[in-house]
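Residue strings, one per chain:
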Amino acid sequence: MIDTEFLISVYNAMYAAAGARGWWPGRTRFEVVVGAILTQNTAWGNVEKAIRNLRGAGVLSPRAMVRLTEEELAELIRPSGYYRVKARRLMNFMRLLDEKYGCSLDRLFRLDVPQLRQVLLGVSGIGKETADSIILYAAGKPIFVVDAYTRRIFARHRWCSENASYDELQELFMSHLLHDVPIFNEYHALLVYVGKHFCGTRSPRCTECPLKDF
């Protein structure tokens, strides 16, 4: 049965193996937002290249980015893959930030979690995982981010159904853990670490996994 004690034991086992992960990497809150949108369907290394392009062009701030055309933005983020689609999504977010909040993340992030989540999900191209990543890592508000690694790890251990929805998995964590930003941050980052290094889709390294005894 999944309860608070069990989830904390899973956390402790991963932390003992991996230590603090220092995730999400980003120099500013805006950089974290941009990274959360760009990382859809690509490896983080590709996002870092796009971020460097944006920084080098001097447009890694809301007021600078909003002045770009979609075509200019697409060219800068080309390394992230699906760059035209992602440029459109970024510009959708920028229009919201500009028109509703005066290009101020402070104003946007004053919203409480349910309101902020509703606003972000109203932006075309931003889904639940991206919205929750922005809320947790950029806004610094407590919400648990669920990703493919979370589902894979929990389904393989039969801690959840293979068909468990995003909302069901999120509720599993939100209902049993203290709503604490550092805990949610580190827990998600540790699941990503285990998913990447041990719980691969094709060749899982189960005997070496920090969770092998669960």
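Here is what the cut-offs are and how they apply
- Residues numbered from 1 in each chain as written.
- Predicted model: local features only at pLDDT ≥ 70, side-chain atom pairs only at ≥ 80, totals over all residues.
- Heavy atoms only, no water.
- Helix = DSSP H or I, 4+ residues; strand = E, 2+ residues; numbered from the N terminus.
- Contact = heavy atoms within 4.5 Å.
- Buried < 20%, exposed > 50% of the residue type's maximum accessible area, 1.4 Å probe, protein only.
- Polar contact = N/O pair within 3.5 Å; in protein donor to acceptor, adjacent residues only side chain to side chain.

Asks: Explain the environment of Phe198 here, please?
Replies: Relative to the helices and strands, Phe198 is located in the segment after helix 12 (181-197). When the C-alpha atoms of Phe198 and Asn12 are compared, they prove to be 17 Å apart, with 186 residues separating the residues in sequence. If we ignore the near neighbours within four places in the chain, the residues touching Phe198 are Tyr193, Pro204, Arg205, Glu208, Cys209 and Pro210.

Asks: How do you make sense of helix 10 (residues 148-156) when you look at a structure like this?
Replies: It helps to recall that an α-helix has 3.6 residues per turn; residues three or four apart then point in one direction. Every buried residue of helix 10 is accounted for by Thr150, Arg152, Ile153, Phe154 and Ala155. Buried residues in helix 10 make contact with helix 1 (4-18), helix 11 (166-174) and helix 12. A side-chain oxygen of the first residue of helix 10 lies 3.1 Å from the backbone nitrogen of Tyr149; this N-cap is Asp147. Where helix 10 ends, the next residue or the one after it, Arg158, has phi of about 60°, a positive value.

Asks: Before we go on, may I ask you to explain unusual backbone geometry in this structure?
Replies: Peptide bonds are mostly trans, and most non-glycine residues show a negative phi. The residue after Trp23, namely Trp24, is reached through a cis peptide bond having omega 20°. Inspection of the secondary structure assignment puts Trp24 in the loop between helix 1 and helix 2 (29-38). One non-glycine residue, Asn41, lies in positive phi territory at about 60°.

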